[in-house]
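What follows is each chain in one-letter form.
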Amino acid sequence: MAAASDPVELGAPWGPARPEPPPTRFHPVHGANIRVDPSGTRATRVESFAHGVCFSREPLAPGQVFLVEIEEKELGWCGHLRLGLTALDPASLDAVPEFSLPNLVSLGHTWVFAITRHHNRVPREGRPEAEALAPSCPPPLLVEPHLCIEQFRIPRDRLVGRSRPGLYSHLLDQLYELNMLPPTARRSRLGVLFCPRPDGTADMHIVINGEDMGPSARGLPAAQPLYAVVDVFASTKSVRLVQVEYGLPSLQTLCRLVIQRSVVHRLAIDGLHLPKGLKDFCKYE
C-alpha cells in the first residue's frame, strides 16, 4: 500500500504507477466494548454507549476512503457515529480512550468529526455559513457517477447508502435519483479520507452517502501515517466496512447501472427475469 509518507503526485490516477490500496480492515486495537468479527470488517459495541473507538488496521493512502455502513442502531442514547483521522499509531496507545471526542483528540495529532442528523457540511472558504446549513440536492447517481474531492475522482456508486425497498419505495426513491437516507440512519454510508496539498499539509474530508461535506479539518501532517478513526458511539451500535472502487467502475457496477436505467423504480426490478442474487444486488447494495 502507498504509505502516507510516500511521494504522490497530486491528482495522480490509480494505476500501474500508483496501485490501488488493499481492502480496508479494522485494527485489532480498539475500545473495551468493541467486538470485531473474524474478517476484520464489522465492529459492534456490545454494551454501554462508550468505549467504542476503532481504528483502521493500516494508515490510509492519500485519497483512500475508509468507508463504513451503519448496520445496527440502539435506541435510548443521545449522539451518533464519529469519524476522523489520527497520526497516533493505535498499537502505541497505553489504553484506548473512552471517547474519541474529547479524550482521543486531547492526546494530540487527532481530528474527529461528530456526525449529526443534519448540518454536517462545512462551509467553503469565502462562503457564508448559511450555505452549510442549507439542504443540498446531490447530483443523480446515474448522471454524475463520480465524486470529485480536490484532486481525487472516485466512483460514487459504492459511497451511497440505500434504504431497504418498502411499500412506498417507488414514490420516495425515484431509483436513487435523490438520496433519501439521513446521515445517521441504518444503511447510511460514511467515509473519511485526506487530500494532500502542495504545502505538505492535508485536508480531511468526510463523505456521507456519496456527498463530500467539505474540508472538516486542515493542516494535517501529510508526511505522517494517518489512521482512520471510527467511534461507534451512543445510538450507533454496529458498522461494517464497505470496499470502495477506484479508477474505472467494475463490470458488476456498470451492469447494475444499465439495469437500473431500464426500470421505473426499485420495486420493478422484482419483475425482471434475473437471478434473485442479481436483483437483490441491484436493489440493496
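These numbers come from a predicted model, not from an experiment.

Student: Can you explain the overall build of the chain? Please cite residues and give values.
Tutor: Looking only at helices and strands, the chain features five helices and 13 strands. Of all 285 residues assigned to the chain, the portion counted as buried reaches 50%. Excluding contacts between residues fewer than 6 apart, the proportion of contacts in the chain whose partners are at least 24 apart in sequence is 70%. By element, 58% of the accessible surface of the chain is carried by carbon and sulfur atoms, the whole surface being about 13200 Å².

Student: Residue-level account of the environment of Val 112, with values.
Tutor: In this fold, Val 112 is placed in strand β6 (residues 110-114). The buried category is assigned to Val 112, whose relative accessible area is 16%. Distance in space between the C-alpha atoms of Val 112 and Asp 231 is 9.1 Å, their sequence separation being 119 residues.

Student: Tell me what's going on with the pattern of salt bridges, and back it up with residues and numbers.
Tutor: Applying the stated criterion across every chain yields a total of eleven salt bridges. As a salt-bridge pair, Glu 69 and Arg 240 come within 3.5 Å of each other at their nearest N and O atoms. Of this pair, Glu 69 sits in strand β4 (residues 66-73) while Arg 240 is found in strand β13 (residues 236-242), placing the two residues 171 residues apart along the sequence. The two residues Glu 69 and Arg 240 agree in class, both being buried.

Student: Could you give an account of helix α4 (residues 251-261), naming the residues involved and the relevant values?
Tutor: Since there are 3.6 residues in each turn of an α-helix, residues three or four apart along the chain are aligned in direction. Considered for burial, the residues of α4 that qualify are Thr 253, Arg 256, Leu 257, Ile 259 and Gln 260. The arc that holds every buried residue of α4, seen down its axis, measures 160°, which confines them to one face. Seen from the open side of α4, the exposed residues pointing more than 90 degrees away from its buried face are Leu 251 and Arg 261.

Student: Which residues make up the sheet that holds strand β3 (residues 53-55), and what are the values?
Tutor: Here four strands make up an open sheet; going across it, the order is β3-β12-β5-β6 and the pairing antiparallel. Single-partner strands in this sheet number two, and they are β3 and β6. Sheet twist, expressed as the mean angle between neighbouring strand axes with direction ignored, is 20°. Taken together, the three bridges between β3 and strand β12 (residues 227-231) define a ladder with antiparallel strand orientation. Across the sheet, residue Val 53 finds its bridge partner in β12, namely Asp 231.

Student: Please set out the packing of aromatic side chains residue by residue, giving values where relevant.
Tutor: In this description, a pair of aromatic rings is defined by centroid distance and the angle of the planes. Applying the stated criterion to the full structure yields five aromatic pairs. Ring centres 5.8 Å apart and planes at 75° place the aromatic pair Phe 26 and Phe 66 in the edge-to-face group. Separated by 40 residues along the polypeptide, Phe 26 in the segment before β1 (34-36) and Phe 66 in strand β4 bring together distant segments of the chain. Connected via pairs of aromatic rings, a cluster forms that spans Phe 49, Trp 77, Phe 99 and Phe 233. Across from the ring centre of Phe 233, 3.9 Å away, lies the NZ or CZ of Arg 82, which sits over that ring.

Student: So what's going on with the nonpolar core? Which residues, and what values?
Tutor: Counting 32 residues, the largest nonpolar core has Phe 26, Phe 66, Val 68, Ile 206, Val 230 and Val 239 as the members making the most contacts within it. By residue number, the principal contributor to this core is strand β10 (residues 201-208), which donates four residues. Of all hydrophobic cores here, the second largest spans 13 residues; its members include Leu 67, Phe 152, Cys 195 and Val 242.

Student: So what's going on with unusual backbone geometry? Which residues, and what values?
Tutor: Of note, the bond from Leu 101 into Pro 102 is cis; its omega dihedral lies within 30 degrees of zero at 5°. For Ser 48, which is not a glycine, the phi torsion comes out positive at approximately 60°. With respect to the element layout, Ser 48 can be found in the loop between β2 (42-45) and β3. On the basis of relative accessibility, which here comes to 33%, the residue Ser 48 falls in the partly exposed class. Although it is not a glycine, Glu 150 adopts a positive phi angle of roughly 50°. One can find Glu 150 in the loop between β7 (146-149) and β8 (152-155).

Student: Talk me through the sheet that holds β4; I want residue IDs and the actual numbers.
Tutor: Strands sit in the order β1-β2-β13-β4-β9-β10-β11 across an open sheet of seven strands; the sheet is antiparallel. Of all the strands in the sheet, just β1 and β11 (211-221) have a single pairing partner and so form its edges. Averaged over all pairs of adjacent strands, the angle between their axes in this sheet comes to 20°, without regard to strand direction. Note: β2 against β13, three bridges, orientation antiparallel. Following the sheet pairing, Arg 42 is matched in β13 by Arg 240.

Parameters at a glance
Residues numbered from 1 in each chain as written. Predicted model: local features only at pLDDT ≥ 70, side-chain atom pairs only at ≥ 80, totals over all residues. Heavy atoms only, no water. Helix = DSSP H or I, 4+ residues; strand = E, 2+ residues; numbered from the N terminus. Buried < 20%, exposed > 50% of the residue type's maximum accessible area, 1.4 Å probe, protein only. Contact = heavy atoms within 4.5 Å. Areas by Shrake-Rupley, 256 points an atom, 1.4 Å probe, with all protein chains shown as cover. Salt bridge = Lys/Arg side-chain N within 4 Å of Asp/Glu carboxyl O. Arc of directions from axis to C-beta. Pairing = 2+ DSSP bridges. Axes fitted to C-alpha atoms, helices over the stretch in contact; angles between N-to-C directions. Phe/Tyr/Trp six-rings, centres within 6.5 Å; stacked < 30°, edge-to-face > 60°. Lys NZ or Arg CZ within 6 Å of the ring centre and 35° of its normal. Core = buried A, V, L, I, M, F, W, Y, C linked by side-chain atoms within 4.5 Å.

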